[in-house]
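Now for the letters of each chain:
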Amino acid sequence: MAKSAKIINVDDSEQARYVRARVLSRAGFIVHDAATGSECLKLIAEHAPDLVLLDVNLPDLHGTEVCRRIRSSPAGESVIVLQISASAVAAPQATAGLESGADAYLIEPVDPDVLVATVRALLRLRKAEGDLSAANERLNILNRELQRSNEDLEQFAFAASHDLHEPLRTVASFASLLEKTAGAKLTDVELKYLEYISEGARRMQALIDNLLTYSQVGQKPKSPQIVDLNAALAWAIENLRKRICESEAEISSDPLPSVTGDTGQLGHVFQNLIGNAMKYARPGIKPVVRLSAVQENDHWLILVRDNGIGIDSAYFQSIFGALKRLHGKEIPGTGLGLAVCRRVVEAHGGKIWVESTPGEGSTFCFTLPANVDSDDVAQLTK
């Protein structure tokens, strides 16, 4: 941009204009000369320059007034104004020039190399600002498109889950009806086939429900509030009450903090992590889960420790992907629980990871922003 940049060279001194024009032209710029402020404004409208080199003392308009007029005109909003003066050299005069809209202020005499370097630096800065503005606009467009895609995905998942529920209920109902009406007439092999049908329908139902949950959670909380994580944990434990009783699991927790977010989504994180601790317990060993929290600078570190089968380090990252499962049908599940946890935690401004040793249990760690107050709630609603 610097080599082809257009410059309006404004000075009432013909000799000063000539010298600057030669210096700037030799540096590769296209230079148009003006002797007055009015002529300068006319040339800006005609040539749409990149930069105006503006003398402060002009016969018709003061340089600060020319600068104000440049800034107030549509054609001059993006023009760089470099004011220069041999007489207005005091700090208040330079300040007035900058406050009128000038981008920089030089005091004569100015070394030609310094003048060229200053012009190029200002052009680079303006180009960087333009590139940044364009990048921000592209980013805003992409964010809007992503938001629309997420909304479309959520609507699709909701509609698809409801459309799939009906045929699944039909399959499950008729399989149950067939077992009741014809069970005595069926062979053991046929009964086994019927059992496979029913089990497949149940797994598909669970997968549909979890996919719907996955599509709905993890967005920025629509109604953020102060969340007592102790209450969110109690909600999760109540939902898991039957499984906890059946497995005789021991669940304990240190006092947990309050954070800003969505109670239901954070409750799902606890429910999934505690549910996994029971699901992946070591055979013959009572599941033990302990929760704790530590404040580290501007965030809370929440720890969920279990004494289960553990996880090989090769899978620490992949287990948080959607539909990723490390075990076969011997351990039920859809592979979406940890993916839901990651989406929720990241939507709340945190991150989640696991530390584990096979055969010795796992510790799932996730962070959430600390220092909850009313301003946090207001910020989340924006």
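Parameters and conventions
Residues numbered from 1 in each chain as written. Predicted model: local features only at pLDDT ≥ 70, side-chain atom pairs only at ≥ 80, totals over all residues. Heavy atoms only, no water. Helix = DSSP H or I, 4+ residues; strand = E, 2+ residues; numbered from the N terminus. Buried < 20%, exposed > 50% of the residue type's maximum accessible area, 1.4 Å probe, protein only. Contact = heavy atoms within 4.5 Å. Areas by Shrake-Rupley, 256 points an atom, 1.4 Å probe, with all protein chains shown as cover. Pairing = 2+ DSSP bridges. Axes fitted to C-alpha atoms, helices over the stretch in contact; angles between N-to-C directions. Arc of directions from axis to C-beta. pLDDT = per-residue confidence, 0-100. Parallel < 35°, antiparallel > 145°, perpendicular 65-115°, else oblique. Left-handed = near helix turned anticlockwise from the far one by under 90°. Nonpolar A, V, L, I, M, F, W, Y, C, P; charged D, E, K, R; others polar. Salt bridge = Lys/Arg side-chain N within 4 Å of Asp/Glu carboxyl O. Right-handed = clockwise from strand over helix to strand, strands pointing away. Core = buried A, V, L, I, M, F, W, Y, C linked by side-chain atoms within 4.5 Å.

1. Comments concerning the overall build of the protein
For step 1, the next point in the chain: Helix and strand counts for the protein come out as 11 helices and 12 strands.
For step 2, the next point in the chain: Counting only residues that meet the buried cut, the protein has 38% of its 382 residues in that class.
For step 3, the next point in the chain: Considering only contacts in the protein between residues 6 or more positions apart, those separated by 24 or more positions represent 68%.
For step 4, the next point in the chain: Looking at the protein as shown, the accessible area adds up to about 21100 Å², and 54% of this sits on carbon and sulfur atoms.

2. Some points on the sheet that holds strand 12 (residues 361-369)
For step 1, the next point in the chain: Spatially, 7-9-10-12-11 is the arrangement adopted by the five strands of the open sheet, whose pairing is mixed. A strand with exactly one partner marks an edge of an open sheet, and here the two such strands are strand 7 (250-253) and strand 11 (352-357). Neighbour to neighbour, the strand axes of the sheet diverge by 20° on average, direction disregarded.
For step 2, the next point in the chain: Here seven bridges tie strand 10 (residues 299-306) to strand 12, and the two strands are oriented antiparallel to one another. Considered in strand 12, the bridge of Leu303 is made with Cys365.

3. Overview of helix 2 (residues 37-47)
For step 1, the next point in the chain: All of the buried residues along helix 2 are Gly37, Cys40, Leu43 and Ile44. Projected down its long axis, helix 2 shows its buried positions confined to an angular sector of 115°, all on one face. Away from its buried face by more than 90 degrees, helix 2 exposes Lys42 and Ala45.
For step 2, the next point in the chain: On its buried face, helix 2 sits against strand 1 (6-10), strand 2 (30-34), strand 3 (51-55) and helix 3 (63-72).
For step 3, the next point in the chain: Of the residues trailing helix 2, Ala48 is marked for its positive phi of about 45°.

4. Re the confidence of the model for the protein
Regions with low pLDDT should not have their predicted coordinates read in detail.
For step 1, the next point in the chain: When the pLDDT values of the protein are averaged, the result is 84; 84% of them are 70 or greater.
For step 2, the next point in the chain: Confidence drops under pLDDT 50 across residues 374-382; counting only partners more than four residues distant or on other chains, this segment forms 12 contacts.

5. Thoughts on the pairing of strand 12
The two faces of the sheet receive side chains in turn, since in a regular strand these alternate between them.
For step 1, the next point in the chain: Strand 12 sits mainly inside the fold: eight of its nine residues count as buried.
For step 2, the next point in the chain: Two successive antiparallel strands, strand 11 and strand 12, enclose a turn made up of three residues, where Gly359 displays a positive phi of approximately 85°.

6. Thoughts on the packing of helix 2 against helix 3
For step 1, the next point in the chain: The N-to-C vectors of helix 2 and helix 3 enclose an angle of 20°; their axes lie 10 Å apart at closest approach. Our classification of the angle between helix 2 and helix 3 gives roughly parallel. Crossing handedness for the pair helix 2 and helix 3: right-handed. On the side of helix 2, the interface is formed by Gly37, Cys40, Leu41 and Ile44, while helix 3 contributes Val66, Arg69 and Ile70.
For step 2, the next point in the chain: Of the residues in the contact of helix 2 with helix 3, the class split is five nonpolar, one polar and one charged.

7. Structural notes on the pattern of salt bridges
For step 1, the next point in the chain: Per the stated rule, a full pass over the model turns up 13 salt bridges.
For step 2, the next point in the chain: The residue Asp11 makes a salt bridge to Arg20 at a minimum N-O spacing of 2.7 Å.
For step 3, the next point in the chain: With a closest N to O distance of 2.7 Å, Arg71 and Asp103 form a salt bridge. Taken together, the residues span a long stretch of sequence, with Arg71 in helix 3 and Asp103 in the loop between helix 4 (91-99) and strand 5 (104-107) at a distance of 32 residues.
For step 4, the next point in the chain: Residue classification places Asp103 among the partly exposed positions, given a relative accessible area of 32%.
For step 5, the next point in the chain: One continuous salt-bridge network, built from bridges that share partners, spans Arg71, Asp103, Arg126 and Glu129.

8. Here's the deal with the pairing of strand 3
For step 1, the next point in the chain: Taking burial as the measure, the five residues of strand 3 include five buried ones, the bulk of the element.
For step 2, the next point in the chain: Neither face of strand 3 is open: one carries Leu51, Leu53 and Asp55, the other Val52 and Leu54, and all of them are buried.
For step 3, the next point in the chain: Pairing of strand 1 with strand 3 involves four bridges; the strand directions are parallel. Of the residues in strand 3, the one forming a bridge with Ile8 is Val52.
For step 4, the next point in the chain: Summarising the sheet, strand 3 and strand 4 (residues 80-85) pair through five bridges and their orientation is parallel. Its bridge partner being in strand 4, Asp55 is matched across the sheet by Ile84.
For step 5, the next point in the chain: Handedness of the crossover is the feature at issue here: the chain leaves strand 3, passes through helix 3, returns alongside strand 4, and the resulting connection is right-handed.

9. A short note on the nonpolar core
For step 1, the next point in the chain: Counting 39 residues, the largest nonpolar core has Leu229, Phe270, Leu273, Ile274, Phe364 and Phe366 as the members making the most contacts within it.
For step 2, the next point in the chain: The biggest single contributor to this core is helix 9 (residues 263-279), with seven residues.
For step 3, the next point in the chain: Among all residues touching Ile274, those that are not within four sequence positions of it are Leu233, Ile237, Leu240, Ile251, Val289 and Leu291.
For step 4, the next point in the chain: In this structure, Ala5, Ile80, Leu115 and Leu123 belong to the second largest nonpolar core, which totals 18 residues.

10. Here we look at the sheet that holds strand 5
For step 1, the next point in the chain: Reading across from one edge, 2-1-3-4-5 is the order of the five strands in this open sheet, with parallel pairing throughout. With partners counted over all chains shown, the strands left at the sheet margins are strand 2 and strand 5, one partner each. Mean inter-strand twist for the sheet, computed between neighbouring axes without regard to direction, equals 20°.
For step 2, the next point in the chain: Sitting on the sheet, helix 2 touches strand 1, strand 2 and strand 3, and the angle it makes with strand 2 is about 145°.

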